[in-house]
Structures are given as structure tokens and as C-alpha cells.
Amino acid sequence: MADTHHSAAELVALARAAAQRAHAPYSGFSVGCAIEAEDGSIATGSNMENACYRLGTCAEIAALTSAQQAFGLDKVRRIAVAGGHIGADGALAGTQTVTPCGGCRQAIAEAADLSGVDIEIIAASGDGGTLSQTTIAALLPASFGADNLADAERR
Ligand code: THU
């Protein structure tokens, strides 16, 4: 899917659909992420937990990995995240917006560093009703990136 840019509501709908494919039996908290490239292409991901709890991965990391395969991290422009529980009717529910965790912010900042373009973050509640729009630079100011490695001694 390319050459068609999506509204914030459409990106949230894609993130909520991705959350339906989460593997989150331990926390009961399903998260979905939809990433839009500069040309409108989409990559999605969801969280994937494990019986060895610490091995669980976040939806944003899954979606970024998919984005790298589909179009490249340097093309990432907008990221929508939604999370909550799957309600009795099978729909993703919950009223609090889900912003990317600290580790995921660092991973999103890596993508932004590659293009030099700030990435828009659309944080949604599970029910899709509450939205907050911000950017990765606002969520992770003074971030550590590749430039900080300039003084490394490479052997
Ligand atoms: N989670 C995400 O997938 N993304 C976030 O930004 C926040 C947390 C997942 C990790 C874990 O599987 C569950 O939500 C509860 O923390």
C-alpha cells in the first residue's frame, strides 16, 4: 500500500487492528502500532510476550522491524500506537492513551536520526476515542544518537 496518505484516525484504526494480533496473555494488555512511510506505505506490529516474561517485545519494535523490511527506517514519518484490553465484544478497549515506552522512544529516535526528519507520534486509547499527537523530539529530548559516538575509538 503506497501513494495514499492516511488520516490520524485511519492510522489509529490500523494500530487497533494490529493490537488484535498481539500475543499478550501475561499482561492482558494488547498494543498495536501502525507506521506510515513518506509515500503512505504502512507497516504494523503488535506486542509479543513470552512465558519467560523479560523476553517480551513491544509493538513499536515489531512495527519498526517490519518497516525496515518494507521500506526502510529512513522513510518512517508517522507512528500510531493504541493499547488496552480485548473486551467481551472482541474489540480493543480502554480509555487511556498509550505513549511509546522509553526504550521504544530510543528506537524511534534512531529512525528519525537516519532521515533528519522529526517523526509524528499519534498516541491513542484502546477504544480509539482519545488521541494525542506529538513528535519523537518532544517525547525524547536531548536523545543519545549516532552523533554521540563520534568520539569512539574504533578498533
Ligand atoms: N507495550 C508495548 O507494546 N508498547 C508500549 O509502548 C508500552 C508497553 C507492551 C509491553 C507488554 O507486553 C505490555 O505492553 C504491558 O507492558
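Preceding this paragraph is the structure being described.
Residues numbered from 1 in each chain as written. Predicted model: local features only at pLDDT ≥ 70, side-chain atom pairs only at ≥ 80, totals over all residues. Heavy atoms only, no water.

### Side note on the packing of helix α2 (residues 59-70) against helix α3 (residues 102-115)
Point 1. Two elements in contact, α2 and α3, have axes separated by 9 Å at closest approach and are oriented at 25°. In terms of orientation, α2 lies roughly parallel with respect to α3. For the element pair α2 and α3, the recorded crossing hand is left-handed. Note on element contacts: α3 touches α2 through Cys104, Ala107, Ile108 and Ala111, opposite Glu60, Ile61 and Leu64.
Point 2. Its residues assigned to classes, the contact of α2 with α3 comprises 6 nonpolar, no polar and 1 charged. (Axes fitted to C-alpha atoms, helices over the stretch in contact; angles between N-to-C directions. Helix = DSSP H or I, 4+ residues; strand = E, 2+ residues; numbered from the N terminus. Parallel < 35°, antiparallel > 145°, perpendicular 65-115°, else oblique. Left-handed = near helix turned anticlockwise from the far one by under 90°. Contact = heavy atoms within 4.5 Å. Nonpolar A, V, L, I, M, F, W, Y, C, P; charged D, E, K, R; others polar.)

### Examining the environment of Glu110
Point 1. In this structure, Glu110 sits in helix α3.
Point 2. Residue Glu110 is classed as partly exposed on the basis of its relative accessible area of 42%.
Point 3. Through-space distance from the C-alpha of Glu110 to that of Phe144 is 9.0 Å; in sequence the pair is 34 residues apart. (Buried < 20%, exposed > 50% of the residue type's maximum accessible area, 1.4 Å probe, protein only.)

### A word on helix α1 (residues 8-19)
Three- or four-residue spacings in an α-helix give side chains the same orientation, since the helix completes a turn every 3.6 residues.
Point 1. Spanning 12 residues, α1 covers 16 Å between terminal C-alpha atoms, matching the ideal 16 Å at 1.5 Å per step.
Point 2. Residues of α1 that are buried include every one of Ala8, Leu11, Val12, Ala15, Ala18 and Ala19, and no others. Axial view of α1: buried residues confined to an arc of 115°, hence all on one face.
Point 3. On its buried side, α1 packs onto β1 (30-37), β2 (42-46), β3 (76-86), β4 (92-93), β5 (120-125) and β6 (131-135). (Expected span 1.5 Å × (residues − 1). Arc of directions from axis to C-beta.)

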